[in-house]
Amino acid sequence: MKAIAKKELKAYFLSPIGYVFTGVMLLLFGFFYTQVLLYQSSDYIPDVYSSIFTWIMMILLPIITMRTFSEEIRTKSDQGLLTAPVGVLSIVFGKFLAAFLTFAAALTASLVPAVIITFFSAPDWPKILCTFLGSLLCGAALIAIGNFISSLTQSQIVAAIGTFGITMMLLLVGQLSSSISNTALQNLVNWISFDSRYQPFTKGIFNLSSVVFFLSVVAVFAFLTARKLESRRWG
Amino acid sequence: MIEVKNLSKRYGENMALSHVSFSVGENTVVGFLGPNGAGKSTTMNIITGYISASEGSVAIDGFNTLDDPNEAKKRIGYMPEIPPLYVDMTVKEYLNFVYELKKVTLPREKHLREICALVRITDVYNRLIANLSKGYRQRVGLAQALIGNPPVLILDEPTVGLDPKQIIEVRNLIKNLGKNHTVILSSHILPEVQAVADRIIIVNRGRLVADGTPFELEHGGQSGEQKLVVRLEGASREVEQALKSIHGVLAVRNFGQKEPGVCEYEIDGRGGTDLRRPLFGIAAKRSWPILSMTSSELSLEDVFLRLTGSTYLSDNAGKDSERTGGKR
């Protein structure tokens, strides 16, 4: 797992992907932090994460997950991984870890403006950190889903667009809930809505059920990805 | 070392492999031979655990590839048809990655240096794999299989894309490796297998059709006929008749005039009789100069073509039309 995570991290930063991802992400954060400065109140910092974050996830996460397995399947380098004496799950988690660390590094860098603001003001750090934690968890879940979609196809484009679609659905579906009259359906929509799971964090509420939800999504999709990789053995 | 039992692989209706069994002892080089699409790569992919069999089992050094996949895989170095390379890495980075992936415990620097020297990639050690030629990539693929010094090496068409000098180098390398490794290499090039293998397994259409040493295959499994091709100077009709009268001759074919007054004849003789001496006697008596005489033994190539039969040509024709049909 360590070897694969290391190799994947290297791959992100040997190719432009890692830099484009981090750069664009920080650019978008910079834009919203500018607005915080214009409002002249550090209370708005968690809002940076609540409003912009969904867009960043939607647009940028597919970029780091699209290549994880598609590329290997296309170049047949998966043959090297699957015939090495390592379990399929450790391949999946190695890849997941690398994508997650790339994402986490960029997200951590996005806190720099908040740190600087601390010198001039007193932002509500517990709330900011709670938001940060929520972002990490939600991102982890979406990365696991993206990796799974990447394992379904040899085409990176298909993987990216597919992940984009699913991510968008999961993040925006909550907006429908108020217009649904059927309560069972409404509950279901609220249940799968990543946004309604994530928003409490931005208000400083550490929601244990959301933590469990996001971690379960990671586990389920890691499992599914491993099954998918193994499925060719049974095909 | 390798126990393959009753291996079958089904893709829907299509039987890619049916009931293949063989076992390979230690320190042998086995050539896996067959026309394209015969099931060579499928067998290798099953042995290495990349795909599973529909039926049957594989054990490496006593470890079943399904029950103890990691123990079995630890003992195998695999070089697939397309080497599993990452083109955005340098050779050094890639080999280090494979070293870590395989959890090798040998001293890293020394081990990698030895392998690079063995497959002659030391001069490209710091180059990006993307910039390497096909021959070098192929050798990096071979290096990757050798990392960790596994006792079993499975090489799928290891010399494809190499120049003639490199082919000879790689063949010698495989021969040397065969002294303390169990090697299975696939190929559809006969002379290659003949040059390196102690034993040849021929598959065709997913079935094992022959298994033996090159010598056994060349000399066994045939009707025991012998063939002579002779050039004699003399009136062709008389010559033919005289040749047919030799004891043990089954048939004589006249290939026609090759030089003025000289015809070429092919003589089929019953096995066990040497036709050369009586032939000389008759020719001497009639003063027909023998200008050439060659005995055409059944070569491995003939054996191969005979075993894989006419399907070889028709299969390839089918493949070509498939390719022009735009199928991937």
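Residues numbered from 1 in each chain as written. Chains lettered and ligands numbered in written order. Predicted model: local features only at pLDDT ≥ 70, side-chain atom pairs only at ≥ 80, totals over all residues. Heavy atoms only, no water.

Q: Go over the pairing of strand S6 (residues 76-79) of chain B with me, naming the residues and quoting the values.
A: Residues and elements named next belong to chain B. Here S6 shows no split at all, with Ile-76 and Tyr-78 on one side and Gly-77 and Met-79 on the other all buried. Where S6 lies against strand S7 (residues 152-156), four bridges are found, and the strand directions are parallel. When the bridges of S7 are listed, Ile-76 appears paired with Val-152. (Buried < 20%, exposed > 50% of the residue type's maximum accessible area, 1.4 Å probe, protein only. Helix = DSSP H or I, 4+ residues; strand = E, 2+ residues; numbered from the N terminus. Pairing = 2+ DSSP bridges.)

Q: Before we move on, could you go through the packing of aromatic side chains and cite the residues and values that matter?
A: All names here are of chain A. Evaluated as defined, the whole model comprises 16 aromatic pairs over all chains. Look at Phe-96 and Phe-100: their rings are 5.9 Å apart centre to centre, the planes differ by 10°, and that puts the pair in the stacked class. Of this pair, Phe-96 and Phe-100 both sit in helix H6 (residues 88-109), four residues apart, which is roughly one turn of that helix. Neither residue differs from the other here; Phe-96 and Phe-100 are each classed as buried. (Phe/Tyr/Trp six-rings, centres within 6.5 Å; stacked < 30°, edge-to-face > 60°.)

Q: Run through the sheet that holds strand S13 (residues 262-269) of chain B, naming residues and quoting values.
A: Residues and elements named next belong to chain B. With respect to topology, four strands assemble into an open sheet ordered S12-S13-S11-S14, the strand pairing being antiparallel. Of all the strands in the sheet, just strand S12 (249-259) and strand S14 (290-295) have a single pairing partner and so form its edges. Neighbour-to-neighbour, the strand axes of this sheet turn through a mean angle of 15°, independent of strand direction. Here strand S11 (residues 226-233) pairs with S13 via eight bridges, running antiparallel. The residue of S13 that forms the bridge with Glu-233 is Val-262. (Axes fitted to C-alpha atoms, helices over the stretch in contact; angles between N-to-C directions.)

Q: Could you give me a rundown of helix H9 (residues 236-245) of chain B, with the residues and numbers involved?
A: All names here are of chain B. Listing the buried residues of H9 in full gives Val-239, Ala-242 and Leu-243. Axial view of H9: buried residues confined to an arc of 100°, hence all on one face. Turned more than 90 degrees off the buried face of H9, the exposed positions are Arg-237, Gln-241 and Ser-245. As for H9, its buried residues are in contact with S11, S12, S13 and helix H10 (276-285). (Arc of directions from axis to C-beta. Contact = heavy atoms within 4.5 Å.)

Q: Help me get a handle on the pairing of S11(B), residues and values and all.
A: As judged from the five bridges shared by S11(B) and S14(B), these two strands associate in the antiparallel manner. By the bridge assignment, Val230(B) is partnered in S14(B) with Met293(B).

Nothing here speaks to function; it is geometry throughout.
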